[in-house]
Amino acid sequence: MLGEVTSDDDAVVALNCAELGQSTNSSVSAIRTDMSNKPDLKVVEKGISHSVVKEMSQRLQEQRRVERISACLSKQVRRYQNNLKHSGIEPLKAHSEHMLNELRHQYQQSTESLISDDAGVVLLWPFLEILFTKLELLITAESGQITFADLAAQQKAHALLCQLAGIEANSAETYVINALLGLELDHEFDEETLVIDSEAQDELHTLIKAAINRWEALKDMPIDAFRHMFLQRRGEVKLTANGVSIVVENKPQDVLLMKLPWGLGIVQLPWLDTDLINIEWDYGF
């Protein structure tokens, strides 16, 4: 009959209710178990605070230990400095420096002076690196030091400077040019004089014109006149403890050096490393 519930239906309903009850009880038990496993917040906070305090305490102890070591080292340094003062080390150091200066002075006095007619080339020292770089005669080492690519490049540079001075490379002494190139003062190349190609000739012409144009006191002086008046000049070359000293012969036209737009005096060229060139060129009064 419609609407009646059989005994079988009652059994199914009862079974479902029982299963639902068991599931509910299991869920409640799981929740209780999960809640029981959660840490006590107060205990956690207490543990964290204790850890932080312990770490800060350790850092403070380490800082104090470093301060004690630093104070001990400072005390030892002061004691060492006092011992140096009382043991006479400072006077010994001053005496050693004095003796070294004396030896340098004696070395300079005993060095032979060499005379050559290429001393005027030192006037063009600011333009030499540009010239050699354009003609690819220089290289830069891994250390950053600029040097000549090889002996052949140095020989070509020698021929170029001889051309500037208007002298034959192998027929005259070139002590000043050798000094400018970092060669031994009495160095001589065994090979025949190099032929300067047209490109190098153009660069030499450009160099001299640039020097004349920058030196306003010369106005439009011809290149040959400039070479004769300034570049072809006798000079005395001498080794020093720090490099080379060059004393240029004085002439009346040297009064124009008062208007020279670049300096002479102490010169340092990149391929000479730490060696210095001391140029003495007095004005012509």
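Since the model is a prediction, treat every value here as computed from it, not as a measurement.

### So, the pairing of strand 5 (residues 243-248)
Part 1 of the argument: Within strand 5, five of the six residues are buried, which leaves it mostly tucked inside the rest of the structure.
Part 2 of the argument: By the bridge criterion, six bridges tie strand 4 (residues 235-240) to strand 5 in an arrangement that is antiparallel. Directly across from Val 237, in strand 5, lies its bridge partner Ile 246.
Part 3 of the argument: Taking the residues that link successive antiparallel strands as the turn, the strand 4-strand 5 hairpin has two residues.
Part 4 of the argument: Here strand 5 pairs with strand 7 (residues 276-280) via five bridges, running parallel. Within the sheet, the bridge partner assigned to Ile 246 lies in strand 7 and is Ile 279.

### Some details on a nonpolar patch on the surface
Part 1 of the argument: Nonpolar side chains collect at one region of the surface, where Val 255, Met 258 and Tyr 283 lie side by side and expose about 270 Å² of accessible area between them.
Part 2 of the argument: Structurally, Met 258 is set in the loop between strand 5 and strand 6 (265-267).
Part 3 of the argument: Note on Met 258: relative accessible area 48%, which makes it partly exposed.

### Structural notes on the nonpolar core
General note: in soluble globular proteins, nonpolar side chains tend to be found buried as a group.
Part 1 of the argument: In terms of nonpolar packing, the biggest core is built from 60 residues, with Phe 132, Leu 160, Leu 161, Leu 180 and Phe 226 touching the most fellow members.
Part 2 of the argument: At the level of elements, helix 4 (125-134), helix 5 (151-165), helix 6 (175-181), helix 7 (198-214), helix 8 (223-231), strand 5 and strand 7 are the ones that each hand at least two residues to this core.
Part 3 of the argument: At eight residues, the largest contribution of residues to this core is made by helix 5.
Part 4 of the argument: Leave out the neighbours within four places in its chain, and Phe 226 touches Leu 123, Leu 124, Ile 208, Ile 212, Trp 215, Leu 218, Met 221 and Leu 231.

### Notes on the pairing of strand 4
Along any regular strand the residues' side chains alternate between the sheet's two faces.
Part 1 of the argument: Relative to strand 4, strand 1 (residues 114-116) runs antiparallel, the two sharing three bridges. Among the inter-strand pairings, Ile 115 is bridged to a residue of strand 4, identified as Glu 236.

### Focus: the sheet that holds strand 1
Part 1 of the argument: What the five strands build is an open sheet, ordered 1-4-5-7-6; its pairing is mixed. Of all the strands in the sheet, the pair left with one neighbour each is strand 1 and strand 6. Going from strand to strand, the sheet's axes swing by 25 degrees on average, the running direction of each strand aside.

### Observations regarding unusual backbone geometry
Part 1 of the argument: Even without glycine at this site, Lys 219 takes up a positive phi of about 55 degrees.
Part 2 of the argument: Within the element layout of this structure, Lys 219 appears in the loop between helix 7 and helix 8.
Part 3 of the argument: At Asp 273, a position not held by glycine, the phi torsion is positive, near 60 degrees.
Part 4 of the argument: Relative to the helices and strands, Asp 273 resides in the loop between strand 6 and strand 7.
Part 5 of the argument: For Asp 273, a relative accessible area of 46% gives the class partly exposed.

What counts, and where the lines are drawn
Residues numbered from 1 in each chain as written. Predicted model: local features only at pLDDT ≥ 70, side-chain atom pairs only at ≥ 80, totals over all residues. Heavy atoms only, no water. Buried < 20%, exposed > 50% of the residue type's maximum accessible area, 1.4 Å probe, protein only. Helix = DSSP H or I, 4+ residues; strand = E, 2+ residues; numbered from the N terminus. Pairing = 2+ DSSP bridges. Patch = residues over 30% accessible without salt bridge, like charges linked within 9 Å, V, L, I, M, F, W, Y side chains within 5 Å. Areas by Shrake-Rupley, 256 points an atom, 1.4 Å probe, with all protein chains shown as cover. Salt bridge = Lys/Arg side-chain N within 4 Å of Asp/Glu carboxyl O. Core = buried A, V, L, I, M, F, W, Y, C linked by side-chain atoms within 4.5 Å. Contact = heavy atoms within 4.5 Å. Axes fitted to C-alpha atoms, helices over the stretch in contact; angles between N-to-C directions.

Read these as spatial facts, not as claims about activity.
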